[in-house]
Structure formats: structure tokens, C-alpha cells
Amino acid sequence: MSNSHTFKPVRVKHLTIGEGKPKICVSLTGSTTEQLVEEAHALKLADIDMVEWRVDFFEQVEQLDMVTHTLERIRDILPSTPLIFTFRSAKEGGQYELSSSDYVALNQAVASTGEVDLIDVELFNEATDIEQLIATAHQHDTFVIISNHDFHQTPPKEEIISRLCRAQQLGADMTKIAVMPQSSSDVITLLDATNTMKEQHADRPMITMSMAGKGMISRLTGELFGSAITFGAIQKSSAPGQVPVSELRSILNMLHANL
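Only a predicted model underlies this, so the values are computations on that prediction, with no experimental measurement involved.

Asker: Just checking my understanding: could you explain unusual backbone geometry for this structure?
Answerer: Phi is mostly negative for residues that are not glycine, and the peptide bonds are mostly trans. Backbone geometry at lysine 13 places phi at a positive 50°, although glycine is not the residue there. In this structure, lysine 13 sits in the loop between strand E1 (10–12) and strand E2 (15–17). Judged by relative accessible area, which is 42%, lysine 13 ranks as partly exposed. Even without glycine at this site, aspartate 141 takes up a positive phi of about 55°. By the element assignment, aspartate 141 lies in the loop between helix H4 (127–139) and strand E7 (143–150).

Asker: Even after reading the chapter, I still don't get the pattern of salt bridges, so can you show me in this structure?
Answerer: Should the charged atoms of two oppositely charged side chains come close, the side chains can pair. All told, the structure shown has 11 salt bridges when counted by the stated rule. Between arginine 88 and aspartate 120 there is a salt bridge, with the nearest N and O atoms lying 2.9 Å from each other. Taken together, the residues span a long stretch of sequence, with arginine 88 in the loop between strand E5 (83–86) and helix H3 (100–113) and aspartate 120 in strand E6 (residues 118–122) at a distance of 32 residues. Of the two residues, arginine 88 and aspartate 120, neither departs from the other in class, the shared state being buried. Taking the shortest distance from any N to any O, the salt bridge between lysine 91 and glutamate 97 comes out at 3.2 Å. Classification of lysine 91 as exposed rests on a relative accessible area of 58%. Linked by salt bridges that have partners in common, Lys13, Arg75 and Asp117 make up one network.

Asker: Honestly, the packing of helix H1 (residues 33–44) against helix H2 (residues 64–77) in this entry has me stumped. Any pointers?
Answerer: Packed helices, taken two at a time, are described by their axes: the angle between them and the distance between them. It is the contact of H1 with H2, at a shortest axis distance of 9 Å, that shows an interaxial angle of 20°. Accordingly, the angle class assigned to the pair H1 and H2 is roughly parallel. Note that H1 runs across H2; the crossing there is right-handed. Where H1 abuts H2, its residues Thr33, Leu36, Val37, Ala40, His41 and Lys44 lie against Met66, Thr70, Arg73, Ile74 and Ile77. Each residue belonging to the contact of H1 with H2 can be placed in one class, and the counts come to six nonpolar, three polar and two charged.

Asker: Mind showing me how you'd approach the nonpolar core here?
Answerer: Here is a general trend for soluble globular proteins: nonpolar side chains tend to be buried in one another's company. Core analysis: the largest hydrophobic core is formed by 45 residues, its most contacted members being Trp53, Val55, Phe85 and Ile146. Per-element accounting of this core gives the leading share, five residues, to H3. Excluding anything up to four places from it in sequence, valine 55 contacts Val61, Val67, Phe85, Thr86, Phe87 and Leu106.

Asker: Hey, could you run me through the UniProt feature "binding site: 3-dehydroquinate" (unreviewed entry) in the protein in this one?
Answerer: Cross-referencing UniProt, the feature "binding site: 3-dehydroquinate" (unreviewed entry) maps to Ser27, Glu52, Trp53, Arg54, Arg88, Arg219, Ser238 and Gln242 in the present numbering. Taken from the residues named earlier, the lining of the largest cavity is made up of Ser27, Glu52, Arg54, Arg88, Arg219, Ser238 and Gln242. Residue placement: serine 27 occurs in strand E3 (residues 23–28). Judged by relative accessible area, serine 27 falls into the buried class, the value being 7%. Those residues in contact with serine 27, other than ones at most four positions away along the chain, are Glu39, Glu52, Arg54, Phe231 and Ser238. Separated by 2.5 Å, the side chains of serine 27 and glutamate 52 make a polar contact. Looking at where arginine 54 falls in the secondary structure, it is placed in strand E4 (residues 50–54). Sequence-distant contacts of arginine 54, that is, excluding residues within four places in its chain, are made with Ser27, Leu28, Thr29, Thr86, Arg88, Gly93, Gly94, Gln95 and Ser238.

Cut-offs applied
Residues numbered from 1 in each chain as written. Predicted model: local features only at pLDDT ≥ 70, side-chain atom pairs only at ≥ 80, totals over all residues. Heavy atoms only, no water. Helix = DSSP H or I, 4+ residues; strand = E, 2+ residues; numbered from the N terminus. Buried < 20%, exposed > 50% of the residue type's maximum accessible area, 1.4 Å probe, protein only. Salt bridge = Lys/Arg side-chain N within 4 Å of Asp/Glu carboxyl O. Axes fitted to C-alpha atoms, helices over the stretch in contact; angles between N-to-C directions. Parallel < 35°, antiparallel > 145°, perpendicular 65-115°, else oblique. Left-handed = near helix turned anticlockwise from the far one by under 90°. Contact = heavy atoms within 4.5 Å. Nonpolar A, V, L, I, M, F, W, Y, C, P; charged D, E, K, R; others polar. Core = buried A, V, L, I, M, F, W, Y, C linked by side-chain atoms within 4.5 Å. UniProt positions renumbered as here; feature names shortened; annotations may be inferred. 1 Å grid on protein atoms, 1.4 Å probe; cavity = no way out; pocket = protein on both sides within 12 Å on 5 of 7 lines; lining within 4 Å. Polar contact = N/O pair within 3.5 Å; in protein donor to acceptor, adjacent residues only side chain to side chain.

Written out as C-alpha cells, the structure reads:
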């Protein structure tokens, strides 16, 4: 059974996420405002669709005024590029840990600026916190990705699907899961879960990936199995297994031409 008739793509600026080729996103990972400005200028020239600011790399992440100031600088350089704001917690593979109240305050402050197009909220937060962040984001025309990352293993297929469905039930505009393969079978598990999710449950775009070198193929085959965004690298990758953007674009084009 297919849910395609009820499937709702997400339209962000000029992009339609969830249709056609997976969109290419690259992460900004600078630790200072100056580094981030430099990275943003480099991304202006790159063949990408979206940018993610991984603010957990930013050394002033606990100073909300510096976060919003830096966000304005990034936005000035990339005015029309869809921008995801992500604080990835240390327990999900990020660079830093915030208390849950600080995490909520950070995401609320940024969503309230209207300067980002999407915020990333981790699935394993309190449901009330997630609902509060979704409400704030939606008041400011900002979309929410609800995400989950397992840097140690690949959960069983049913568990992957269950987490993606839970993210939908909580009200995500897009769902995301990234898992670590221990074997090539684990990569197939992730792709199979993605495909089943697409065919039976997904009514909005999802982002799925198997990480590291073994999982790299999952970053290329989104159009076939159902993942709507793929993360590539320009200089420094923000997660293991990311493909350089120039190669990523040509592979996605080649796969698309043959579907």
C-alpha cells in the first residue's frame, strides 16, 4: 500500500523537499563567528541546496545574543539558502551538552527570530518540550525536523520505523534518523526500514542514513528508497561517511536519470 496520495512535501523558500532528487545539505561547523562567516562565504559558491548550522560546534553557544548575532551574519551571506539550525547533543554524537531547559531556550530563541527555515529537535527530549518548540517554530513559519542518531549501532528495522513514526506523531514537519552500521546487513536494514516507512507510513519527508564508509551508499540512494535530504562535505565533514559535494551531485544526477 502506498501513502503517496496523502504525502505532503515541505516547501522551503525555492525548494520542495520530498520530491525528486534528494536535496544536498552541507553543515557549518565553525567554532567562532569569524570562522562561520568564512565558511558561509565558501558555501555561497558551492553547488548545494541547503545549509545546516551545527551550533554545538560554536564556542559561544550558551550566549543567546551571540548566537542570534552570528545567525544574522550567516543569513546576510546566504539570504536565499534554506537554513537548518541544529544543536546536536553530545549523547547523540554532538560536540557539547546543554541542560534540557537551555536546549529549549536556545531553540525557542532562534525559532523566534524567523531567520532560520528549520530547527532540528531531538526525538529523545520530553514530549512537552518538543511540543512547545514545534508551537514556537510554527508561529514563526519555521519547520521542525525531529531527529534521532545512534552512533553505536543499527537498531532493528521495526525500531527504526517506530522512531520515525513517533516523530510524525509528535508533529514533526520532517523526520530524521541516522544509525551506525556494524556490518553490510545493517546498511540493508536501514534502507529496508526507509523503504517500508515510505510505502506504508510516511506522510511527510524523512531523512535517513547509515553512517561511516559502510553506510555511504545510503547517502546516495535517497530518491529510490525515500530519504529526502543528504548531507555532503565541502571541507570538514560533520559526520562520518559524508560524500564530497561535487561527487554527490553527479551521482544523484546519474541515479535520477535512470529511475
